[in-house]
Amino acid sequence: MQHDSAADHSSRRSFLRGGALGLASAAAATAAGVNLAAALAMLGKRTGLLDADVYGPSVPRMTGLDQEPGVTPERKLIPLRGWGLKVMSIGLLVDEASPMIWRGPMASSALNQMLNDVSWGTEAEPLDILVVDMPPGTGDIQLTLAQRVALSGAVVVSTPQEVALIDARRAVAMFEKTHIPILGVVENMAYFTGADGKPVEIFGRGGARAVAETLKAPFLGEIPIEIALREACDAGRPLVATA
């Protein structure tokens, strides 16, 4: 793979993109990204996690990391370490309660800093994988990443209902135009288990699977609505690393 200055010393960059309806489901897509990154680290991969949602960063809360990043002598930010990961987020640089009232160019500039001015790895110890958690949409942030970083592929995460799938299909179209392979599709918040032990398909079910079949892309599975997952996210513990 040809490398650029972004995400220096990273051999693979995977783009996790959530197509979601509303803030709750967008946060659930981020939870999928955090747990994916933690699982890769548990497999022995040197893994970085970049929170590219500059308007609503939630990775610091979900990983329990809240210190301000340090700076190297070369003036690069030092990602925080936790759960076997190297983590960077705009949420580590601003107060959690501060709104991000930024126009597109300013948001893109912040993302460029996290891509180009972070010490993700060294020549001796490069990252194996950099997981990038993206917000829904196909705006400035998404295009900045797609056009400026040599991404290995994208995982599309969507809830099953048609309103969310419309957004997911737009994302897929953007990936195709920017020549980013689709690694697979995940159906998030597919169901929850009722008191009778039966699945309750509150958002419908199977929509993301159908999108994967249309794309001829791998369907990577369903993530149910789980209290344990919500509790782990609120407590700053990736569920896969603590279950």
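Since we're looking at a predicted model, the values are computed, not measured.

Engineer: Hey, could you go over the pattern of salt bridges for me, with residue numbers and the actual values?
Structural biologist: A complete count under the given rule lists six salt bridges for this structure. Note that R46 and D128 form a salt bridge whose closest N and O atoms lie 3.9 Å from each other. Residue R46 is located in the loop between α1 (22-42) and β2 (47-51), and its partner D128 is located in the loop between α3 (104-116) and β7 (129-134); the two are separated by 82 residues in the primary sequence. On the basis of relative accessibility, which here comes to 38%, the residue R46 falls in the partly exposed class. A relative accessible area of 22% places D128 in the partly exposed class. Note that D234 and R230 form a salt bridge whose closest N and O atoms lie 3.2 Å from each other. Highlighted residues: D234 and R230, both in helix α7 (residues 227-235), separated by four residues, approximately one helical turn. Judged by relative accessible area, which is 45%, D234 ranks as partly exposed.

Engineer: Outline the pairing of strand β8 (residues 153-158), supporting the account with residue identities and numerical values.
Structural biologist: Within β8, six of the six residues are buried, leaving the element largely enclosed by the surrounding structure. Every second residue of β8 is oriented toward a common face, with G153, V155 and V157 on one face and A154, V156 and S158 on the other, all of them buried. Inspection of the sheet shows β8 paired to strand β9 (residues 182-188) by five bridges, in the parallel sense. Across the sheet, the residue bridging to A154 is I182, located in β9. Between the parallel pair β8 and β9, the chain is carried across by helix α5 (residues 162-177), and the sense of this crossover is right-handed.

Engineer: Give me the lowdown on the confidence of the model for the protein chain, citing residues and values where you can.
Structural biologist: A residue-level look at the protein chain finds 90% of positions with pLDDT of 70 or above and a mean pLDDT of 86. Within the protein chain, the element-level pLDDT minimum falls on strand β1 (residues 13-19), averaging 50, and the maximum on strand β5 (residues 80-82), averaging 97. The model gives residues 1-6 a pLDDT under 50, and that stretch makes 18 contacts with residues more than four places away or in other chains.

Engineer: So, a nonpolar patch on the surface: which residues are in play, and what are the values?
Structural biologist: On the surface, a cluster of nonpolar side chains totalling about 300 Å² of accessible area is made up of F192, V200, I202 and I225. Residue placement: I202 occurs in the loop between β11 (199-200) and α6 (207-215). For I202, a relative accessible area of 51% gives the class exposed.

Engineer: Explain the nonpolar core residue by residue, including any values.
Structural biologist: Formed by 53 residues in total, the largest nonpolar core has its most connected members in L49, L50, M88, L111 and L145. Counting residues per element, this core draws most heavily on α5, at six residues. Not counting residues up to four positions away in its chain, the partners in contact with L50 are M88, L111, M114, L115, W120, L130, V131, V132 and D133.

What counts, and at which threshold
Residues numbered from 1 in each chain as written. Predicted model: local features only at pLDDT ≥ 70, side-chain atom pairs only at ≥ 80, totals over all residues. Heavy atoms only, no water. Salt bridge = Lys/Arg side-chain N within 4 Å of Asp/Glu carboxyl O. Helix = DSSP H or I, 4+ residues; strand = E, 2+ residues; numbered from the N terminus. Buried < 20%, exposed > 50% of the residue type's maximum accessible area, 1.4 Å probe, protein only. Pairing = 2+ DSSP bridges. Right-handed = clockwise from strand over helix to strand, strands pointing away. pLDDT = per-residue confidence, 0-100. Contact = heavy atoms within 4.5 Å. Patch = residues over 30% accessible without salt bridge, like charges linked within 9 Å, V, L, I, M, F, W, Y side chains within 5 Å. Areas by Shrake-Rupley, 256 points an atom, 1.4 Å probe, with all protein chains shown as cover. Core = buried A, V, L, I, M, F, W, Y, C linked by side-chain atoms within 4.5 Å.

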